[in-house]
Amino acid sequence: MPAVPSAVLTTAGLIGGYSVARATGNRPLGGVVLAGFGAAAFETWRRRSGVGTAVALTAVYVGAFGLSHPLARKVGSWPAVLGVTAATAAVAVAAGDCGRD
């Protein structure tokens, strides 16, 4: 069974985490979704590319989450989440998913 691309995991984490938090009004629950998919992406990166790459890509993922908050004040919540998600997925593809199983 082929591994799930890490870009799919980061996309599910960022969009899913925001969606859960917004739909339920429970921000910590959204954080659980974000963290769960982030952990799965970390493990995927670690297996494919090593710990160093996994740490760097996890920093991108967490940074994107952090950046979405001030960006949302300027462009709105959904555009901010979608923008940082697209950027994170692109980095995941370029650094972690390209040429991998």
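Residues numbered from 1 in each chain as written. Predicted model: local features only at pLDDT ≥ 70, side-chain atom pairs only at ≥ 80, totals over all residues. Heavy atoms only, no water.

Caption draft 1: Looking closely at the UniProt feature "transmembrane region" (unreviewed entry) in the protein chain. The UniProt feature table records "transmembrane region" (unreviewed entry) at residues 51-72 and 78-96. Its end C-alpha atoms 31 Å apart, residues 51-72 is made of 100% helix and 0% strand. (UniProt positions renumbered as here; feature names shortened; annotations may be inferred. Helix = DSSP H or I, 4+ residues; strand = E, 2+ residues; numbered from the N terminus.)

Caption draft 2: Highlighting helix α1 (residues 6-24). Helix length check: α1 (19 residues) gives 26 Å between terminal C-alpha atoms against 27 Å at 1.5 Å per residue, within 8%. If you check which residues of α1 are buried, you get Ser 6, Ala 7, Leu 9, Thr 10, Gly 13, Leu 14, Gly 16, Gly 17, Tyr 18 and Ala 21. Downstream of α1 by one or two residues, Gly 25 has phi in the positive range, about 75°. (Expected span 1.5 Å × (residues − 1). Buried < 20%, exposed > 50% of the residue type's maximum accessible area, 1.4 Å probe, protein only.)

Caption draft 3: The side chain of Thr 88, seen in detail. Along the chain, Thr 88 falls in helix α4 (residues 77-97). On the accessibility criterion, Thr 88 (4% relative accessible area) is buried. Contact partners of Thr 88, with chain neighbours within four places excluded, come to Thr 10, Leu 14, Val 60, Tyr 61 and Ala 64. (Contact = heavy atoms within 4.5 Å.)

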